[in-house]
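Coordinate analysis (summary)
Below are the chains, spelled out letter by letter.
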Amino acid sequence: MSIKSILEVKNLHAGFGTTEVVKGVSLSAQYHTVTAIIGPSGCGKSTFIRCLNRLHEETSGAFANGEVWLENTDIYAKNVDPVSIRRKVGMVFQKPNAFPSMSIFDNVVAGLRLAGVKRHSILKEIVEQSLISAALWHEVKDKLNAPGTSLSGGQQQRLCIARALAVEPTVLLMDEPTSALDPISTAKIEELMTELRKKVTIIIVTHNMQQAARISDQTAFFLSGELIEFGETSQVFTAPKMDQTERYITGRFG
Amino acid sequence: MNPAVLSQHMAQRYLRRKITHWIMMGVLALASCLALIPLLSLSVYVLSQGIPGLGINFFTHLPQPIGETGGGMANSILGTLTLVVLASLIGVPWGIGTGLYLSEYPPGRLSTAVRFSADLLASIPSIIIGLFVYTLIVIPMRRFSLLAGGVALGIIMIPTLARSTEELLRRVPIHVREAGLALGLPRWKVILRIVLLGNARAISTGIILSIARVAGETAPLLFTSFNNQYWQRGLDQPSSSLPVQIYTYAISPYEDWHQQAWTGALILVLLVFAMNILTRILLSPRGSS
């Protein structure tokens, strides 16, 4: 790995109260790649990616320590404001979560408008760009004033992607973004991801191993809060080095 | 067991279950009809007693001195509206702010104490709130006033509004808040602009219901805003209000005043009904947008 990483995690520990959920994980991601994180439920993968935008600490009783380097900043350094980190590291959640009572337009620009961007011409342009990037523009361009929650689940999830892209993050975290969607919507979002990686670096948690194999460049396998194996996706899925990885991807446990 | 015996036994059980079902359904239907009777009979009675006194004068004229017929409750209607506005100015921000704190900030000793006192405050008889405001405002000012009445009603609004706001915001899924935080918005902006504004319709329902509740309060007004037979002359002066005027007229010995009281009661009931219906419209899906 000679290319400079955009994201480098060193010895990250995280959990709730006295329970450690992520037990000393180190991994890195290069610019414009897709990293898939797989593992059985409760293995700490969600907690792990929620540490990458410091959202984990918003849960009461949560703790996290270690180093997470985003380009040249350790986001867990003392003087770093989590709000500024979250502008650079966007997130898409498991369930589509369009903001209630906001139109499609308002949903997309929520991040910018609430941060003080007011000029309509700028917002309008960003809405179009973001919706095009999220492959939703053609479906909604004539009803931008309709409520965001009036869209179907798959459309709402792409709306959430557009909303995350509108603040121009450098990294996009996706926490099981297709697990609540039907296969057609899932295929659309997978297709979208291969386009998006030209702009952002993607870290995706998924339960769907075919999905990980299809869309990612590298795969990390988590088990009980530890990183068991991390490597090129083709290698992890065809010639896993660790016995536990092989047993998991062949469906023999987990 | 013999299969035939079992199936006969099951058939008997089934019949008995069916009969019990129909009896219980009947009891429940009867109970719900009984619940409607007081409301219906009250509405019919107030309507039939109140309508004869209804006329444009009732809304535009001041009460007449004893012995003269006619007159209206214009000052009382204006007084009640003023009191409701004053009460809302105090109760709405305070109540909603408290509700926001209870729902959005991590549970701790303070929030437990606040929630408990809100529940206690809600169960305190309103006349006690009136006494409290009497010592707090009326005695120092040496005067009954609209202001004192507004404060008393405002205090009554706080606990119910706080709890209804809390319950409502708790139903907003946590991942909506997280989506806001993940966009790089500070927590207070997420709370105000996404959680609160996103549920503005439901919140306004809570506000209207709490207003409807205090609009008919009488006891706390008896020694705060008191009464006045003329137009109100300022926030620091006593004022008439519908409930107190109804009370005064209803216990008087004059036939004419009794009629006025009934008509006042009708207006008050209609006011409260209208507010309740408004909340239904606000809450119905896509009712306003």
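Let us look at the structure shown here. (Residues numbered from 1 in each chain as written. Chains lettered and ligands numbered in written order. Predicted model: local features only at pLDDT ≥ 70, side-chain atom pairs only at ≥ 80, totals over all residues. Heavy atoms only, no water.)

Tallied over the full model, the rule gives 18 salt bridges over all chains. Among the salt bridges present, the one from Glu 190 of chain A reaches Arg 214 of chain A, with a minimum N-O distance of 2.7 Å. Taken as a pair, Glu 190 of chain A in helix α7 (residues 183-196) and Arg 214 of chain A in helix α8 (residues 209-215) lie far apart in primary sequence, 24 residues in all. Since its relative accessible area comes to 9%, Glu 190 of chain A is described here as buried. The class for Arg 214 of chain A is exposed, based on a relative accessible area of 53%. One connected set of salt bridges, linked through shared partners, spans Arg 115, Asp 119, Arg 163, Glu 166, Glu 167 and Arg 170 of chain B. (Salt bridge = Lys/Arg side-chain N within 4 Å of Asp/Glu carboxyl O. Helix = DSSP H or I, 4+ residues; strand = E, 2+ residues; numbered from the N terminus. Buried < 20%, exposed > 50% of the residue type's maximum accessible area, 1.4 Å probe, protein only.)

Residues and elements named next belong to chain A. Taking strand neighbours across the sheet as the criterion, the six strands line up as β6-β7-β8-β3-β9-β10 in an open arrangement whose pairing is mixed. Each having just a single partner strand, β6 (89-92) and β10 (226-232) make up the two edges of the open sheet. Taking the axes of each pair of neighbouring strands and ignoring which way they run, one obtains an average angle of 15 degrees across the sheet. By the bridge criterion, four bridges tie strand β3 (residues 34-38) to strand β9 (residues 218-223) in an arrangement that is parallel. Considered in β9, the bridge of Thr 35 is made with Gln 218. Here helix α6 (residues 153-166) sits on the sheet in contact with β6 and β7 (171-175), set at roughly 170 degrees to β6. (Pairing = 2+ DSSP bridges. Axes fitted to C-alpha atoms, helices over the stretch in contact; angles between N-to-C directions. Contact = heavy atoms within 4.5 Å.)

Attention now goes to a nonpolar patch on the surface. Residues and elements named next belong to chain B. Together, Leu 36, Leu 39, Leu 40, Leu 270, Phe 273, Ile 277 and Ile 281 line one region of the surface with nonpolar side chains, adding up to about 650 Å² of accessible area. Listing elements by their share of the nonpolar patch, those giving two or more residues are α1 (3-50) and α12 (255-283). Considering each element in turn, the nonpolar patch owes the most residues, four residues, to α12. Position of Leu 39 among the secondary structure elements: in helix α1. Judged by relative accessible area, which is 43%, Leu 39 ranks as partly exposed. (Patch = residues over 30% accessible without salt bridge, like charges linked within 9 Å, V, L, I, M, F, W, Y side chains within 5 Å. Areas by Shrake-Rupley, 256 points an atom, 1.4 Å probe, with all protein chains shown as cover.)

Taken residue by residue, the interface counts 27 residues in chain A and 20 residues in chain B. Between chain A and chain B, roughly 1900 Å² of surface is buried when both sides are summed, and carbon and sulfur atoms account for 65% of that area. On the chain A side of the contact with chain B, Phe 99, Pro 100 and Leu 114 of chain A bury the most area, a combined 31% of that side's loss. The residue Glu 58 of chain A makes a salt bridge to Arg 187 of chain B at a minimum N-O spacing of 2.4 Å. Taken together, chain A and chain B are joined by six residue pairs in polar contact (both at pLDDT 80 or more). Every element with two or more residues in the side of chain A that touches chain B is listed here: α2 (82-88), β6, α3 (104-113) and α6 of chain A. Looking at the side of chain A that touches chain B residue by residue, the class counts come to 15 nonpolar, six polar and six charged. (Buried area = accessible area lost by both parts, 1.4 Å probe. Polar contact = N/O pair within 3.5 Å; in protein donor to acceptor, adjacent residues only side chain to side chain. Nonpolar A, V, L, I, M, F, W, Y, C, P; charged D, E, K, R; others polar.)

Let's shift gears to the sheet that holds strand β5 (residues 73-74) of chain A. Strands sit in the order β2-β1-β4-β5 (chain A) across an open sheet of four strands; the sheet is antiparallel. The two strands at the open ends of the sheet, each matched to only one other strand, are β2 (19-30) and β5 of chain A.

Our next topic: the packing of α6 of chain A against α7 of chain A. Residue and element names in this part refer to chain A. The interhelical angle for the contact between α6 and α7, taken along N-to-C directions, is 20 degrees, at an axis separation of 9 Å. With respect to their mutual orientation, α6 and α7 come out roughly parallel. Here the hand of the crossing between α6 and α7 comes out right-handed. Facing Gly 154, Gln 157, Arg 158, Ile 161 and Leu 165 of α6, the residues of α7 in contact are Ser 185, Lys 188, Ile 189, Leu 192 and Leu 196. Broken down by class, the residue content of the contact of α6 with α7 amounts to five nonpolar, three polar and two charged. (Parallel < 35°, antiparallel > 145°, perpendicular 65-115°, else oblique. Left-handed = near helix turned anticlockwise from the far one by under 90°.)

Turning our attention to helix α7 (residues 174-182) of chain B. Residues and elements named next belong to chain B. Extensive coverage of α7 is indicated by the burial of eight of its nine residues. Every buried residue of α7 is listed here: His 175, Val 176, Arg 177, Glu 178, Ala 179, Gly 180, Leu 181 and Ala 182. Note on α7: the residue one or two positions beyond its end, Gly 184, has a positive phi of about 85 degrees.

This paragraph deals with the packing of α1 of chain B against α12 of chain B. Residues and elements named next belong to chain B. Running from amino to carboxyl end, α1 crosses α12 at an angle of 130 degrees, the nearest separation of the two axes being 8 Å. Classified by the angle between their axes, α1 and α12 sit oblique to one another. Taken as a pair, α1 and α12 cross one another with a handedness that is left-handed. Seen from α1, the contacting residues are Leu 39, Ser 43, Tyr 45, Val 46, Leu 47, Gln 49 and Gly 50; seen from α12, they are Gln 259, Trp 262, Thr 263, Ala 265, Leu 266, Val 269 and Phe 273. In terms of residue class, the contact of α1 with α12 is built from nine nonpolar, five polar and no charged.

What follows deals with the nonpolar core. Membership of the largest hydrophobic core comes to 126 residues, with the highest contact counts inside it found for Phe 48 and Leu 131 of chain A. The element best represented in this core is helix α6 (residues 146-170) of chain B, accounting for eleven residues. Once residues lying within four places of it in the same chain are set aside, the contact partners of Leu 131 of chain A are Ile 104, Val 108, Leu 136, Trp 137, Val 140, Leu 144, Leu 159 and Ala 162 of chain A. Membership of the second largest hydrophobic core comes to 13 residues, among which are Phe 58, Met 73, Ala 265 and Ile 267 of chain B. (Core = buried A, V, L, I, M, F, W, Y, C linked by side-chain atoms within 4.5 Å.)

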